[in-house]
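# Overview (structure and organization)
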Amino acid sequence: MSSSCCGTKKQKLNGNYANANGHCADGNNGRGGSNGGKGTMVNGHTNGYMTNGHASAGGDGGQSMIDSMPEMCFYCFEVLHRELNQLEEPRTPSFTNEPFPLFVTWKIGKDKRLRGCIGTFSAMRLHSGLREYAITSALKDSRFSPITRDEIQRLTVSVSILQGFEEACGYLDWTLGVHGIRIEFYNERGSKRTATYLPQVATEQGEFGGGDT
């Protein structure tokens with residue numbers, strides 16, 4: 001996981017995100033856990049398309065992003081399904097292909113245990129970015145063994161689209177359930193340590209949880 005600040009300097013994350021349950025129907029690469037970002041937030045659970053949340057991103061572009069997020073989640077499932085079954089890549093999706101920093105998070109089971117989460121703070125075109133990180137987070141998160149075909153029906157995927165970064169004035173200058181945060185610091189041995197907390201985890205888990213490198 002990655003970040004770009006030193007000592008007590010932090011950046012708040014603004015983000016859109018959605019979750020999907022189904023089966024094929026924690027600037028650098030980073031493994032992410034989370035806490036949450038000022039901006040647009042959507043929780044979407046396929047198997048009923050329940051969508052909860054609020055949006056504060058302005059204009060039709062923000063609403064368009066919200067409306068597209070369930071499709072982004074389905075796309076991640078299709079990408080993983082085809083990868084695990086050695087099929088050709090899925091057809092080009094219809095949602096926007098604008099560049100954004102993004103994370104893809106896989107969870108498993110009714111208790112939604114973390115199964116993989118990797119993303120990037122470098123803006124990537126959404127079509128190629130989601131395709132890359134759907135696979136990378138599922139198969140190459142060093143904290144977990146690769147996801148298998150037998151697990152797909154028990155998976156949940158979350159897509160986090162980050163935007164509107166702003167510097168925090170201090171360690172209390174962010175709101176759980178509203179802001180995400182990324183932190184970078186040096187430990188007593190002089191080694192750089194980083195952590196990323198995405199917008200949804202604080203409210204989902206009721207605690208400050210995440211990952212670091």
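Conventions used here
Residues numbered from 1 in each chain as written. Predicted model: local features only at pLDDT ≥ 70, side-chain atom pairs only at ≥ 80, totals over all residues. Heavy atoms only, no water. Disulfide = S-S within 2.5 Å. Buried < 20%, exposed > 50% of the residue type's maximum accessible area, 1.4 Å probe, protein only. Helix = DSSP H or I, 4+ residues; strand = E, 2+ residues; numbered from the N terminus. Contact = heavy atoms within 4.5 Å. Polar contact = N/O pair within 3.5 Å; in protein donor to acceptor, adjacent residues only side chain to side chain. Pairing = 2+ DSSP bridges. Salt bridge = Lys/Arg side-chain N within 4 Å of Asp/Glu carboxyl O. Phe/Tyr/Trp six-rings, centres within 6.5 Å; stacked < 30°, edge-to-face > 60°. Lys NZ or Arg CZ within 6 Å of the ring centre and 35° of its normal.

Under an unreviewed UniProt entry, the name given to the protein is AMMECR1 domain-containing protein, and the organism recorded is Aedes aegypti.

## Let's talk about the state of the cysteines
Tallying each qualifying case throughout the model produces 0 disulfides. Cys73 supplies the cysteine sulfur nearest to Cys76, a cysteine that is in no disulfide, at a spacing of 6.3 Å. Since its relative accessible area comes to 0%, Cys76 is described here as buried.

## A closer look at the environment of Ile135
Relative to the helices and strands, Ile135 resides in helix α2 (residues 126–139). For Ile135, a relative accessible area of 18% gives the class buried. In the structure, Ile135 is positioned 31 residues away from Val104 in sequence and 9.0 Å away in space, judged by C-alpha atoms. When neighbours within four sequence positions are excluded, Ile135 is seen to be in contact with Val79, Glu83 and Lys140.

## Describing the side chain of Glu151
Positionally, Glu151 belongs in the loop between α2 and β8 (155–168). Reaching out from Glu151, the side chain makes a polar contact with the backbone nitrogen of Thr148 at a distance of 2.8 Å. Those residues in contact with Glu151 that sit more than four places away from it in its chain are Ile108, Arg115 and Pro146.

## Brief notes about the pairing of strand β10 (residues 192–198)
When a strand is regular, its side chains alternate between the sheet's two faces. Among the 7 residues that make up β10, 5 are buried, leaving the element largely enclosed by the rest of the structure. The pairing of strand β9 (residues 180–186) with β10 spans 6 bridges and is antiparallel. Considered in β10, the bridge of Glu184 is made with Thr194.

## Details of the environment of Gly129
Looking at where Gly129 falls in the secondary structure, it is placed in helix α2. For the pair Gly129 and Val104, spaced 25 residues apart in sequence, the C-alpha separation works out to 9.5 Å. The contact partners of Gly129, leaving out residues within four places of it in the chain, are Leu102 and Met124.

## A few points about the pairing of β9
Most of β9 is tucked away: 5 of the 7 residues are buried. The loop that links β9 with its antiparallel partner β10 comprises 5 residues; one of these, Gly190, has a positive phi angle of about 85°.

## Some points on the environment of Ser128
Position of Ser128 among the secondary structure elements: in helix α2. In this structure the C-alpha to C-alpha distance between Ser128 and Thr92, which are 36 residues apart in sequence, comes to 9.5 Å. Of note is the side chain of Ser128, whose polar atom sits 3.3 Å from the backbone oxygen of Arg125.

## A short note on the pattern of salt bridges
Scanning the entire structure with this criterion turns up 6 salt bridges. We note a salt bridge from Arg131 to Glu89, for which the minimum N-O separation is 3.7 Å. With a gap of 42 residues between them, Arg131 in helix α2 and Glu89 in the loop between α1 (59–84) and β6 (99–108) connect regions that are remote in the sequence. Look at Arg131 and you get partly exposed, because its relative accessible area is 25%. The class for Glu89 is exposed, based on a relative accessible area of 57%. The partner of Arg113 in a salt bridge is Asp111, and the shortest N-O contact between them spans 3.4 Å. Accessibility expressed as a relative area gives 55% for Asp111, which makes it exposed.

## Brief notes about the packing of aromatic side chains
With the rule as written, the count across this model stands at 4 aromatic pairs. Ring geometry for Phe77 against Trp106: centres 5.1 Å apart, planes inclined by 85°, an arrangement best described as edge-to-face. Pair noted here: Phe77 is in helix α1 and Trp106 is in strand β6, with a separation of 29 residues, a long-range link. The residues Phe77 and Trp106 share a single accessibility class, namely buried. Plain terms: the ring middles of Phe121 and Phe165 are 6.0 Å apart, the flat faces sit at 75° to each other, and that makes the pair edge-to-face. In this pair, Phe121 is assigned in strand β7 (residues 113–125) and Phe165 in strand β8, connecting sequence segments 44 residues apart. The structure contains a cluster of three or more aromatic residues connected by ring pairs, namely Phe103, Phe121 and Phe165. Its guanidinium or amino end placed over the ring of Phe121, Arg182 lies 4.2 Å from that ring's centre, counting from NZ or CZ.

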